Structure formats: structure tokens, C-alpha cells
Amino acid sequence: MTPERDPDCLFCQIVAGEIPATVIAEDERTIAFMDINPASRGHALVIPRAHARDVHDIDTDDLRAVAATAQTVAARVIERLGAAGVNLLNSSGAAAWQTVFHFHMHVIPRYEGDPLRLPWVPASGDMAQIAAAGEQLKP
Ligand code: AMP
Ligand code: ZN
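The paragraphs below set out a description of the structure included in this document. Only a predicted model underlies this, so the values are computations on that prediction, with no experimental measurement involved. (Residues numbered from 1 in each chain as written. Chains lettered and ligands numbered in written order. Predicted model: local features only at pLDDT ≥ 70, side-chain atom pairs only at ≥ 80, totals over all residues. Heavy atoms only, no water.)

As a rule of thumb, soluble globular proteins bury nonpolar side chains together. Counting residues in hydrophobic clusters, the biggest one holds 21 residues, and the most contacted among them are Ile24, Met34, Val46 and Val73. If you list the elements that add at least two residues to this core, you get strand E1 (23-26), strand E2 (30-34), strand E3 (44-48), helix H2 (60-81), strand E5 (105-110) and helix H3 (127-137). With six residues, H2 is the single largest residue contributor to this core. Beyond its immediate sequence surroundings of up to four residues, Val73 is in contact with Ile24, Ala25, Ala32, Ala44 and Val107. Counting nine residues, the second largest nonpolar core, distinct from the first, contains Phe11, Cys12, Ile31 and Ile47. (Core = buried A, V, L, I, M, F, W, Y, C linked by side-chain atoms within 4.5 Å. Buried < 20%, exposed > 50% of the residue type's maximum accessible area, 1.4 Å probe, protein only. Helix = DSSP H or I, 4+ residues; strand = E, 2+ residues; numbered from the N terminus. Contact = heavy atoms within 4.5 Å.)

In C-alpha cells, the structure reads:
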């Protein structure tokens, strides 16, 4: 059985508040925070609080909870950031581009005519812009 927390996991450290993140939604099972290498303005991640590597490992109730939180965040990016659409994306396994091995659902706002093509090439974001988008997405 996977323990609740993996001591070497970056996202477990975010859950524990040990490294900073711009948290925009949370409930008993999940938290959502801004991605620091955004594919588009408002790119966020939704994760279970309990450590799970990927879609195969995650508790089904946690997966349901992640989906529900992703739906909430997806609605906010439309309403508050003016996105015209949303990509929900999970990568499970290195071959599927997973780089952080704590399950996460990407919520990627899409804008009319935006140049984003998936997979995107990660590049450092503008921290002020990330924080500003995060502010708009908080409850
Ligand atoms: P994936 O490649 O699907 O495993 O996605 C991992 C995502 O985590 C990437 O989009 C990274 O930009 C993002 N990421 C990595 N470290 C952090 C962090 N400390 N805070 C927020 N997002 C992060
Ligand atoms: Zn973890």
C-alpha cells in the first residue's frame, strides 16, 4: 500500500506547506495550485493530498475528488480569466511525459487563437503574472 506521504515527493511537500505554492482551491482530499511553468495564463494543477504516483496508483475516491476540483477550477478560468476553453490533462508514466510522480491533473486554460500546441515546451514563467492569475482564481 502506498503511504499517505512520500518524504522525497515535491508535491507532498506542497501539501504539507513546506514549500511555497499559490493555492487556489482546497478541500479534504485535494488541493489546486498554480503551475510555475505555465503552458498558458492561469495553468493550474489539481492533486490529491494523499501521495499516489499516477492514474494506476490513485485511490478511486481521490480521483473523483480531483475531477470535481478540476471542474471547479475549469469554471473559474472561463469566468475570471476569460478563457474560451480548457484542456484537462494527466500524464501517467515517463513515456507519457510525467515528470513529477505525484498524480496531478493539469487545468490548462485556452484562449481564442492562442498559439499553444501540446505538448508544450516548459519555460520559466513571469512570477508576478503567475501570482496575479492565482489571485483571480482564489475563492
Ligand atoms: P508533468 O510533466 O505532467 O509531470 O507535470 C509536472 C508539472 O509540475 C509541470 O508542468 C511543472 O511545471 C510543474 N511543477 C513542478 N514543480 C512545481 C512547483 N514547485 N510548483 C508548481 N508547479 C510545479
Ligand atoms: Zn507525493
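Still more to cover.
Moving on, we come to H2. With 22 residues, H2 should reach 32 Å at 1.5 Å per residue; the first-to-last C-alpha distance of 31 Å fits that figure. Taken together, the buried positions of H2 are Asp62, Ala65, Val66, Thr69, Ala70, Val73, Ala74, Arg76, Val77 and Leu81. For H2, the N-terminal cap is Asp59; the gap from its side-chain oxygen to the backbone nitrogen of Asp61 is 2.9 Å. The positive-phi residue at the C-terminal boundary of H2 is Gly82, with phi of around 75°. (Expected span 1.5 Å × (residues − 1). Polar contact = N/O pair within 3.5 Å; in protein donor to acceptor, adjacent residues only side chain to side chain.)

Before going further, it helps to spend a moment on the coordination of the zinc ion (ligand 2). Taken together, the protein donors to the zinc ion (ligand 2) comprise Cys9 (SG), Cys12 (SG), His51 (ND1) and His102 (ND1), at separations of 2.0 to 2.3 Å. One can describe the donor arrangement at the zinc ion (ligand 2) as tetrahedral, given that its four donor atoms subtend angles of 106 to 116° at the metal. For the zinc ion (ligand 2), the single-chain donor residues occur in sequence as C-x2-C-x38-H-x50-H. Here the residue Cys12 occupies a position in helix H1 (residues 10-15), and His51 occupies one in the loop between E3 and H2, the gap between them amounting to 39 residues. Across the pair, His51 and Cys12 agree in class, each one buried. (Donors = N, O, S within 2.8 Å, 3.2 Å for Na, K, Ca; no water. Tetrahedral: all angles 85-135°; square planar, octahedral: opposite > 155°, others 65-115°.)

Let's shift gears to the packing of H2 against H3. Running from N to C, H2 and H3 cross one another at 105°; their axes reach a closest spacing of 9 Å. Taken together, the axes of H2 and H3 are roughly perpendicular relative to one another. On the side of H2, the interface is formed by Arg76, Val77, Arg80 and Leu81, while H3 contributes Ala133, Gln136 and Leu137. (Axes fitted to C-alpha atoms, helices over the stretch in contact; angles between N-to-C directions. Parallel < 35°, antiparallel > 145°, perpendicular 65-115°, else oblique.)

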